[in-house]
Amino acid sequence: MLETPIFLSLVTLVLFAIVFYPRFIAWRRERIRCRPFPDRWRSIVERNVPLYSRFPRLRREQLQGHIQVFLAEKQFIPCGGLTVNEEMRVTVAAIACLLLPDGGGDYFSRLRSILLYPTAYLATEMNPLGNYGIEERRVVRLGESWTRDQLVLSWQQVQQDIHNWEDGHNVVLHEFAHQLDAEDGAVQGVPLLPKDIDPDHWSKVMTEEYEKLCRSSERGMKTEIDPYGATNPAEFFAVVTETFFENPRSLRARHPALYELLQQYYRLDPARRDNW
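Residues numbered from 1 in each chain as written. Predicted model: local features only at pLDDT ≥ 70, side-chain atom pairs only at ≥ 80, totals over all residues. Heavy atoms only, no water.

As annotated in an unreviewed UniProt entry, the chain is M90 family metallopeptidase from Pannus brasiliensis CCIBt3594.

**Notes on empty space enclosed by the protein**
Where empty space is left can be seen by rolling a probe of water-molecule size over the atoms. Counted according to the given criterion, the structure contains one cavity of 30 Å³ or more. Empty space within the largest cavity amounts to approximately 60 Å³. Along the walls of the largest cavity sit F55, R59, Q62, L63, H66, C97, L98, L100, P101 and D102, which together make up its complete lining. At four residues, the largest contribution of residues to the lining of the largest cavity is made by helix α3 (residues 57-73). (1 Å grid on protein atoms, 1.4 Å probe; cavity = no way out; pocket = protein on both sides within 12 Å on 5 of 7 lines; lining within 4 Å. Points joined across faces, edges and corners; volume = space filled by probe spheres on them. Helix = DSSP H or I, 4+ residues; strand = E, 2+ residues; numbered from the N terminus.)

**Side note on the nonpolar core**
Counting 69 residues, the largest nonpolar core has F70, F176 and Y266 as its most contacted members. With eight residues, the top contributor of residues to this core is helix α4 (residues 86-97). What F176 contacts, discounting residues up to four positions off in sequence, is F70, V92, A96, L99, F108, L111, I114 and L151. The next biggest cluster of nonpolar side chains, apart from the first, holds five residues, and it includes C79, L115, A123 and V152. (Core = buried A, V, L, I, M, F, W, Y, C linked by side-chain atoms within 4.5 Å. Buried < 20%, exposed > 50% of the residue type's maximum accessible area, 1.4 Å probe, protein only. Contact = heavy atoms within 4.5 Å.)

**Some words on helix α6 (residues 171-181)**
Burial analysis of α6 places eleven of its eleven residues in the buried class, which makes it a mostly covered element. For α6, every residue scored as buried is listed here: V171, V172, L173, H174, E175, F176, A177, H178, Q179, L180 and D181.

**Structural notes on the side chain of Q150**
Among the structural elements, Q150 can be located in strand β6 (residues 150-154). Setting aside chain neighbours within four positions, we find Q150 in contact with L111, S113, L115, S145 and Q179.

Here is the structure:
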């Protein structure tokens, strides 16, 4: 049994950590956000993130601060013989941070590491076989988000997305949308919502749009939203996030309620480029 003074010291230490550690993190992040943004990083962002140059000055400065916090807190792990350089890190960080609100939120709180492969990679997929067992197979992937603490990307795919920004596909946006979805511990297509978004309204709009995509997909109809979003609600949220940032005008024209909801969630109106 612990001596009383030792026990009290441990309790005090725990309470101190609970009360002051979040404040320390907030203070540290603010100091990092206020650092001068390196010119070479700005060049990378301007070259690889088309939305950046269309932002007003304040939004660009906010994104710069988020990028610096992201790079200070997340580690990049090279895989498959790839050498991770500064351009790779800054590019991934910049695209991911487009999803963060003005204040930065909690910077993908569950994520610790980004694994970067040079090209598509092989992953093991486990599929249940009814009540009789599990099938294990190797599949080719371009990216995946693990609810634990890691995210995986193919740098080749990231580059392809950079050069085809308006094709509606972006592996970084997709996988980091999954990270937002996973912040409450469940991946169900419902991220942690800000106070000004009614959960019932979110559920209504998302459910209606998801079911509409499922029906269109079953009929083989062409849609603005990638049919992969009909896989499940979690994939739907990730896919419509890609569409929102890459084809905002098309999404607004054909799915106005969905566009308005995402605009409110991401605190951004990418379709109104004349106002940036």
